[in-house]
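# Descriptive analysis of the structure
Residues per chain are reported as follows:
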Amino acid sequence: MTYSYAIYLECSDCRKQYSVHQIHTFCPDCRAALLTQYDLTAARQHVDREALRARPRGMWRWHDFLPVHDPRNVVTLGEGDTAILSLPRLGASLGLSRLFIKDESSNPTGSFKARGLSAAISKARELGIQKVIIPTAGNAGGALAAYAARAGLRAYILMPNDTPRANIEESRMAGAEVNLIDGLISEAAGMAGEKARAEGWFDVSTFKEPYRLEGKKIMGYEIAEFFGYHLPDVIVYPTGGGTGLVGIWKAVQELACLGWLESEKRPRLVAVQAEGCAPIPKAFHAGAEFCDFWINAQTRASGLRVPKSFADRLILSAIRESCGTAIAVSDEAIFAAQRELARQEGIFAAPEGTATLAGLKELVRQKWLDPDETILLLNTALGLKYLDQLDEY
Ligand SMILES: *Cc1c(COP(=O)(O)O)cnc(C)c1O
Ligand SMILES: [Zn+2]
């Protein structure tokens, strides 16, 4: 029995192939992300879409499409299979008949970063890696610390000194070495790269490591399954480094290759960012292939404070291929949407998650959506992790 159909890594730019059985980061020639490729022809013959429903719950029930070859290397805390809920009260107030949210706040460590780091740490264990380093805006640090602890790996975390306190404490609690820096995630990334080179730490930065993407990709499989393999019309995603958005689009391509989709319809992907750090909407509307570095990035939705993603080209092409769009919303709108979602539907979501609601309202105003389309928002983390960012009200 094949546990994983992963066969090689491929550069997202020059298409050069790399082994999935050796340690790789990104393509050294192009400085571009490596994407895991699967033998989907074989999987199509041997994996039964319906049998997957009966496997034990969680992200690893999709192990055929994850990069770990030996099940003994899987490091899990019970991530995945998060709820998809309809939002009838909010939908009615916006004139939308089929509005849903995928609530990632029930993941271990309270955010969807658990998915990516479960995949990355499992694969690191398979490859014999012993110490891992990460620059983070917050939640990735907490998740790395937890999965590294469970795998018995050492973890080193660099985060801005104004990162939400929950992220700092959860990282320390799990025994990670935490270095608070006076700067943004971009500066933390530079420092992590240097420390990795100098001291042999393995850098699990977004897209500089191939496998976090694979964990986040499984959100796309779960969404497809929930909707009976008829994908939603629109998926609204709060974009920082972009692994979730690129991952969901990768899932759509793989599902199409597997022949599992029930219709030709593909979701339009909407990237939402904060007005104080909006490199993706800016590049998207300018018709650019890459983003400019966003100077003076500012937003209290810390996961969105990414001045330039390493995979900006992949994010922009996923939005365009899907006929989606990108939109920036104010912090004021994000925090107003946070209260509204909690009061109307009982979901206390992270500000990144409620940025999707703020963006949705703007799209309704612009009539970019049809009132009867199936629309899915992503809440990426638990609101309670952000008590120190809350507005006075
Ligand atoms: C990291 C993060 C994001 C952004 O995710 P990407 O996949 O890097 O774009 C959004 N929301 C929360 C809560 C996050 O922690
Ligand atoms: Zn390349």
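Up top you'll find the structure we're talking about.
All values reported here derive from a predicted model rather than from experimental measurement.

## Details of the environment of Thr380
Within the secondary structure layout, Thr380 lies in the segment after β13 (374-379). Residue contacts for Thr380: discarding those within four places in its chain leaves Glu104, Gly110, Ser111, Phe112, Pro238, Glu352 and Gly353.

## Some words on the pattern of salt bridges
Going through the model one piece at a time under the given rule, you end up with 29 salt bridges. For the salt bridge of Lys282 with Asp292, the shortest nitrogen-to-oxygen distance reads 3.6 Å. Of the two residues, Lys282 is situated in helix α9 (residues 279-286) and Asp292 in the loop between α9 and α10 (312-321); the sequence distance between them amounts to 10 residues. For Asp292, a relative accessible area of 54% translates into the label exposed.

## Overview of the site of ligand 1
Taken together, the neighbourhood of ligand 1 is formed by 17 residues, with Lys113, Tyr237, Gly242, Thr243 and Thr380 sitting nearest. Within the side chain of Lys113, one N or O atom sits 2.8 Å away from an oxygen atom of ligand 1. Contact distances for ligand 1 include 2.9 Å between an oxygen atom and a side-chain N or O atom of Asn139. Within the complex, the protein chains bury 96% of what would otherwise be the 380 Å² of accessible surface of ligand 1.

## As for unusual backbone geometry
Glycine aside, residues mostly have negative phi, and peptide bonds are mostly found in the trans state. Even without being a glycine, Asp81 presents a positive backbone phi close to 50°. Within the element layout of this structure, Asp81 appears in the loop between α1 (40-46) and β4 (83-86). Backbone geometry at Thr109 places phi at a positive 65°, although glycine is not the residue there. Inspection of the secondary structure assignment puts Thr109 in the loop between β5 (98-103) and α3 (113-126).

## Some thoughts on the environment of Cys277
Here Cys277 shows up in the loop between β11 (268-274) and α9. With a relative accessible area of 0%, Cys277 lands in the buried category. Measuring from C-alpha to C-alpha, the distance between Cys277 and Leu304 comes to 7.3 Å, with 27 residues separating the pair along the chain. Excluding residues within four positions of it along the chain, Cys277 makes contact with Trp294, Ala297, Gln298, Leu304, Arg305, Val306 and Pro307.

## Some points on the coordination of the zinc ion (ligand 2)
Of the protein atoms, only Cys11 (SG), Cys14 (SG), Cys27 (SG) and Cys30 (SG) coordinate the zinc ion (ligand 2), at distances of 2.2 to 2.4 Å. The site at the zinc ion (ligand 2) holds four donor atoms, and with the angles between them running 103 to 116°, its shape is tetrahedral. The sequence pattern describing where the donors of the zinc ion (ligand 2) fall on their chain is C-x2-C-x12-C-x2-C. You can call Cys30 partly exposed: its relative accessible area is 27%.

## A few points about the packing of aromatic side chains
Counted by the stated rule, this structure contains 10 aromatic pairs. Aromatic side chains Phe100 and Phe227 sit 5.1 Å apart centroid to centroid with 90° between the ring planes, which places their arrangement in the edge-to-face category. Of the two residues, Phe100 is situated in strand β5 and Phe227 in the loop between α7 (212-226) and β10 (234-238); the sequence distance between them amounts to 127 residues. Comparing Phe100 with Phe227 shows no difference in burial state: the two are buried. An aromatic cluster of three or more residues is present, and its members are Trp62, Phe65, Tyr221, Tyr229 and Trp260. Sitting over the ring of Tyr211, Lys123 keeps its end group 5.8 Å from the ring centre. Note that Lys195 overlies the ring of Tyr156, its terminal NZ or CZ placed 4.3 Å from the centroid.

## Some points on the packing of helix α8 (residues 243-258) against α10
Interaxial distance between α8 and α10 falls to 9 Å at its minimum, and their mutual angle equals 50°. In terms of their interaxial angle, α8 and α10 are classed as oblique. For the element pair α8 and α10, the recorded crossing hand is left-handed. Listed contacts from α10 to Leu245, Val246, Trp249 and Gln253 of α8 are Leu314, Ile315, Ala318, Ile319 and Glu321. Looking at side-chain class alone, the contact of α8 with α10 contains seven nonpolar, one polar and one charged residues.

Definitions and limits used
Residues numbered from 1 in each chain as written. Chains lettered and ligands numbered in written order. Predicted model: local features only at pLDDT ≥ 70, side-chain atom pairs only at ≥ 80, totals over all residues. Heavy atoms only, no water. Helix = DSSP H or I, 4+ residues; strand = E, 2+ residues; numbered from the N terminus. Contact = heavy atoms within 4.5 Å. Salt bridge = Lys/Arg side-chain N within 4 Å of Asp/Glu carboxyl O. Buried < 20%, exposed > 50% of the residue type's maximum accessible area, 1.4 Å probe, protein only. Near = heavy atom within 4 Å. Polar contact = N/O pair within 3.5 Å; in protein donor to acceptor, adjacent residues only side chain to side chain. Areas by Shrake-Rupley, 256 points an atom, 1.4 Å probe, with all protein chains shown as cover. Donors = N, O, S within 2.8 Å, 3.2 Å for Na, K, Ca; no water. Tetrahedral: all angles 85-135°; square planar, octahedral: opposite > 155°, others 65-115°. Phe/Tyr/Trp six-rings, centres within 6.5 Å; stacked < 30°, edge-to-face > 60°. Lys NZ or Arg CZ within 6 Å of the ring centre and 35° of its normal. Axes fitted to C-alpha atoms, helices over the stretch in contact; angles between N-to-C directions. Parallel < 35°, antiparallel > 145°, perpendicular 65-115°, else oblique. Left-handed = near helix turned anticlockwise from the far one by under 90°. Nonpolar A, V, L, I, M, F, W, Y, C, P; charged D, E, K, R; others polar.

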